[in-house]
Amino acid sequence: MGSRIRSVAIIGGGPAGSALAYYLGRAGRKVVLFDKGNRPPIIVGESLVPATVPFLAELGIEEEVRGYSTFKEGASFIFNSEESLSFKFADVRGAKTNYSYNVPRDKLDASISEVAARSGAKLVRETARVERVGQSDRVQLAPETLAQTEGYFEGQPDLIVDASGRPRMLPNLLDLPYQHGDRRDTALFAHCQGIAQVVEGNVHTDTLTHGWSWRIPLPGKMSVGFVVDSDYVKTLGADLEEQFDAILAREPVIKLWGDSPKRITPVLKYTNYQLVSKRGFGDGWVLLGDTFGFVDPVFSSGLLLAFDGAKALSTAILAGGDERAMRRYDQHVRHHIQAWQKTIDHFYDGRLFTLFKVGEVVRHTPIGRLMDFHFRKHVPRVFTGEASSKRYSPALVDFMCRYALMDNDPSALAIR
Ligand SMILES: Cc1cc2nc3c(=O)[nH]c(=O)nc-3n(C[C@H](O)[C@H](O)[C@H](O)COP(=O)(O)OP(=O)(O)OC[C@H]3O[C@@H](n4cnc5c(N)ncnc54)[C@H](O)[C@@H]3O)c2cc1C
């Protein structure tokens, strides 16, 4: 890897690739951002955690985003028709940002790519192709892709960044090893109308008899996702619309959503998304955003990982992009993903919300009050993303979920 990186080709103009193009463009690096532009009519990744807001501010788009998004003050979890829990970001002790947004993704992505273009990055609206150099670990832009840059780089770029998202272009080309999470769920996703909210604007997570669902309030509509066991979903109908509508009609907890939930878009399906690459960089290439790794839709960590990864990668590149800088980037992203992974695992195994229940009882005792003060600072900051890339807070959540449930059986709150 060259120790001085002046020119960078970024493949994929989602939040990760576009944010990186902005950071590098404003620092005077030569950047080409490729994006094929033919995205689906609706795009997942609409709920942002509060820790993404400072990135929007840094990109200079927060006001714009606020104009087309739903203002969000907290999160609601509905376990069954009797039990639910809502929390406000403003109640998180020591929170730096106590609000966030639910965003229409097409608009958000357009805002970020405009900022990238204004910072000096060259945008190429084409599908990029990359090829391996012989049998080596090195890659280069394919001739037709290089030609689309119209001589901008004077030859090949110093670095190729794969921010292509779930297609995972370079990991597939180089056959990179990856780690797959435990879940093999299917996520069905559509926009709906006529759906009630527990707390207006909040992102809602409902426990279903099979799996869980999200409700993300957007202006004039509701994003709804069902994350369910892949074998089970096939029993619900012949096509995605039938399957989605069957869950909407049958799940008992959805009776609380109002009398007339109505789907207004086709249904999109996502599977096999719990992938983390075991290698994050190599000779002249590096992975970013979902291509590097994604854990799970619950808790809305994806956009934060995308922005935080883009920032960390720009720091590594602007520091010279040598092996050491890239390793630091790799470790930072890997740690951040793993921290989310542990918290998310404890959502699925029921330990996380069992811990909350235990906390409600214990905090009325003197020792419990003392502990509660400490936990209230660290635990919610993992969900808001403010502490998710730190060492202590995620480790505390993991430790408590493992060892502090007393005699309470977490299986009642586990996701099936
Ligand atoms: C079911 C589900 C629900 C989710 N919900 C949330 C949520 O509520 N909140 C949240 O924060 N995250 C959520 N996520 C995660 C979020 O969608 C991603 O983490 C985020 O979009 C990653 O951004 P990215 O820039 O890495 O990739 P992407 O957003 O996927 O962008 C990649 C871009 O690259 C382009 N591209 C691909 N290949 C090429 C090529 N060869 N040439 C040119 N362009 C190319 C694509 O067109 C696309 O524009 C969810 C994910 C899933 C699976």
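Residues numbered from 1 in each chain as written. Predicted model: local features only at pLDDT ≥ 70, side-chain atom pairs only at ≥ 80, totals over all residues. Heavy atoms only, no water.

1. A short note on the packing of aromatic side chains
Move 1: Counted under the stated rule, the structure contains 25 aromatic pairs.
Move 2: Consider the rings of Phe77 and Phe299, whose centres lie 6.2 Å apart with planes at 70°: the pair is edge-to-face. Linking Phe77 in strand E4 (residues 74-78) with Phe299 in the loop between strand E20 (285-287) and helix H9 (302-318), this pair joins segments that are 222 residues apart in sequence. Comparing Phe77 with Phe299, the two get one shared label, buried.
Move 3: Measuring from ring centre to ring centre gives 4.7 Å for Phe226 and Phe244, while their planes differ by 50°; the resulting arrangement is tilted. Remark: Phe244 occurs in helix H8 (residues 240-250) and Phe226 occurs in strand E15 (residues 221-229); sequence separation between them is 18 residues. Each member of the pair, Phe226 as well as Phe244, carries the same accessibility label: buried.
Move 4: A cation over a ring is seen here: Lys30 above Tyr152, with NZ or CZ 4.6 Å from the ring centre.
Move 5: Looking at Arg66, its charged tip hangs above the ring of Tyr99, at a distance of 5.9 Å from the centre. (Phe/Tyr/Trp six-rings, centres within 6.5 Å; stacked < 30°, edge-to-face > 60°. Helix = DSSP H or I, 4+ residues; strand = E, 2+ residues; numbered from the N terminus. Buried < 20%, exposed > 50% of the residue type's maximum accessible area, 1.4 Å probe, protein only. Lys NZ or Arg CZ within 6 Å of the ring centre and 35° of its normal.)

2. Focus on the site of the ligand
Move 1: The local shell around the ligand holds 34 residues, among which Asp35, Ser47, Ala128, Asp290 and Leu303 are the closest.
Move 2: Interatomic distance of 3.0 Å between a backbone N/O atom of Ala16 and an oxygen atom of the ligand.
Move 3: In the model, an oxygen atom of the ligand is placed 3.4 Å from a nitrogen or oxygen of the Gly302 main chain.
Move 4: Its free accessible area being 1000 Å², the ligand has 96% of it covered by the protein chains. (Near = heavy atom within 4 Å. Polar contact = N/O pair within 3.5 Å; in protein donor to acceptor, adjacent residues only side chain to side chain. Areas by Shrake-Rupley, 256 points an atom, 1.4 Å probe, with all protein chains shown as cover.)

3. A short note on the side chain of Gln274
Move 1: With respect to the secondary-structure elements, Gln274 resides in the loop between strand E17 (268-271) and strand E18 (275-277).
Move 2: What makes Gln274 buried here is its relative accessible area of 3%.
Move 3: A distance of 3.3 Å separates a polar side-chain atom of Gln274 from the backbone oxygen of Val295.
Move 4: Beyond its immediate stretch of four places on either side in the chain, Gln274 contacts Gln179, His180, Gly181, Asp182, Arg183, Phe294, Val295 and Asp296. (Contact = heavy atoms within 4.5 Å.)

4. Comments concerning the sheet that holds strand E10 (residues 159-162)
Move 1: Here 6 strands make up an open sheet; going across it, the order is E7-E2-E1-E10-E20-E19 and the pairing mixed. Looking along the sheet, the strands with just one partner apiece sit at the ends: strand E7 (122-124) and strand E19 (281-282).
Move 2: Relative to E7, strand E2 (residues 30-34) is paired through 3 bridges, and the arrangement is parallel. The residue of E7 that forms the bridge with Leu33 is Leu123. (Pairing = 2+ DSSP bridges.)

5. Digging into helix H4 (residues 105-118)
Because each turn of an α-helix spans 3.6 residues, side chains separated by three or four positions in sequence point in the same direction.
Move 1: Between its first and last C-alpha, H4 extends 20 Å over 14 residues, near the 20 Å set by a 1.5 Å rise per residue.
Move 2: When H4 is considered as a whole, its buried residues turn out to be Arg105, Leu108, Asp109, Ser111, Ile112, Ser113, Val115 and Ala116.
Move 3: Where H4 is buried, its residues touch helix H1 (15-26), E2, helix H2 (53-59), helix H3 (62-68), E7 and H9.
Move 4: Positive backbone phi, at 115°, marks Gly120, one or two positions downstream of H4. (Expected span 1.5 Å × (residues − 1).)

6. Looking at the packing of H1 against H4
Move 1: Axis separation between H1 and H4 bottoms out at 8 Å; the angle between their running directions is 20°. In terms of orientation, H1 lies roughly parallel with respect to H4. Crossing handedness for the pair H1 and H4: left-handed. Between H1 and H4, the residues in contact are Pro15, Ser18, Ala19, Ala21 and Tyr22 and Arg105, Asp109, Ile112, Ser113, Val115 and Ala116, respectively. (Axes fitted to C-alpha atoms, helices over the stretch in contact; angles between N-to-C directions. Parallel < 35°, antiparallel > 145°, perpendicular 65-115°, else oblique. Left-handed = near helix turned anticlockwise from the far one by under 90°.)

7. Let's talk about unusual backbone geometry
Move 1: Its identity as a non-glycine residue notwithstanding, Asp175 has a phi of 55°, on the positive side.
Move 2: Mapped onto the fold, Asp175 is located in the loop between helix H6 (169-173) and strand E11 (178-180).
Move 3: Of note in the backbone geometry, Met406 takes a positive phi value of approximately 55° without being a glycine.
Move 4: By the secondary structure assignment, Met406 is in the segment after helix H13 (392-403).

8. Remarks on the side chain of Ser277
Move 1: The topology assignment puts Ser277 in strand E18.
Move 2: For Ser277, a relative accessible area of 0% puts it in the buried group.
Move 3: Within polar-contact distance, the side chain of Ser277 engages the backbone oxygen of Arg279 at 2.6 Å.
Move 4: The contact partners of Ser277, leaving out residues within four places of it in the chain, are Arg168, Leu176, Pro177, Tyr178, Leu287, Thr291, Phe292 and Arg334.

9. Here we look at the domain arrangement of the chain
Move 1: Assigned domains within the chain: domain 1 (7-69 + 104-178 + 274-340), domain 2 (185-271) and domain 3 (349-413).
Move 2: Taking only C-alpha atoms, the centre of domain 2 and the centre of domain 3 are 28 Å apart. (Domains from an automatic or database assignment.)

10. Side note on the environment of Pro15
Move 1: Examined against the element boundaries, Pro15 turns out to sit in helix H1.
Move 2: Separated by 400 residues in sequence, Pro15 and Ile415 place their C-alpha atoms 30 Å apart.
Move 3: Setting aside residues up to four positions removed in sequence, Pro15 forms contacts with Arg105, Asp109, Ile112, Leu303, Ala306 and Phe307.

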